[in-house]
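Structure at a glance
What follows is each chain in one-letter form.
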Amino acid sequence: MDKFNELKGIVDALEADFGKFYNDNNNAAGTRVRKGMQELKTLAQNIRLEVQEIKNKAK
């Protein structure tokens, strides 16, 4: 569950930058959004692998 909470934290932290990029056309915020989305992608993949590993051990 720690990784899930970390995932939610990243999304929450990016909320302001999304608004700055889409509403205010702030390019620096767009860069931060892209970086955060890459972190989300990596974390999501790690969670997927962990879930699969736990499932395989249960068999």
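If you look the protein up in an unreviewed UniProt entry, it shows as Histone H1 from Aureispira anguillae. Among the UniProt annotations of the protein, the heading Function (unreviewed entry) holds the following wording: "Might have a role analogous to that of eukaryotic histone proteins." Listed under Sequence similarities (unreviewed entry) in UniProt, the entry text for the protein is "Belongs to the histone H1/H5 family. HCT subfamily."

All right, on to the environment of Leu14 then. Positionally, Leu14 belongs in helix H1 (residues 2-24). Not counting chain neighbours up to four residues away, the residues in contact with Leu14 comprise Arg32, Val33, Gly36, Met37 and Leu40.

On inspection of all chains with the given rule, the structure shows two aromatic pairs. With a centroid separation of 6.1 Å and an interplanar angle of 5°, the aromatic rings of Phe18 and Tyr22 are classed as stacked. With a gap of four residues between them, Phe18 and Tyr22 both fall in helix H1, about one helical turn apart. On the basis of relative accessibility, which here comes to 28%, the residue Phe18 falls in the partly exposed class.

Thresholds applied
Residues numbered from 1 in each chain as written. Predicted model: local features only at pLDDT ≥ 70, side-chain atom pairs only at ≥ 80, totals over all residues. Heavy atoms only, no water. UniProt positions renumbered as here; feature names shortened; annotations may be inferred. Helix = DSSP H or I, 4+ residues; strand = E, 2+ residues; numbered from the N terminus. Contact = heavy atoms within 4.5 Å. Phe/Tyr/Trp six-rings, centres within 6.5 Å; stacked < 30°, edge-to-face > 60°. Buried < 20%, exposed > 50% of the residue type's maximum accessible area, 1.4 Å probe, protein only.

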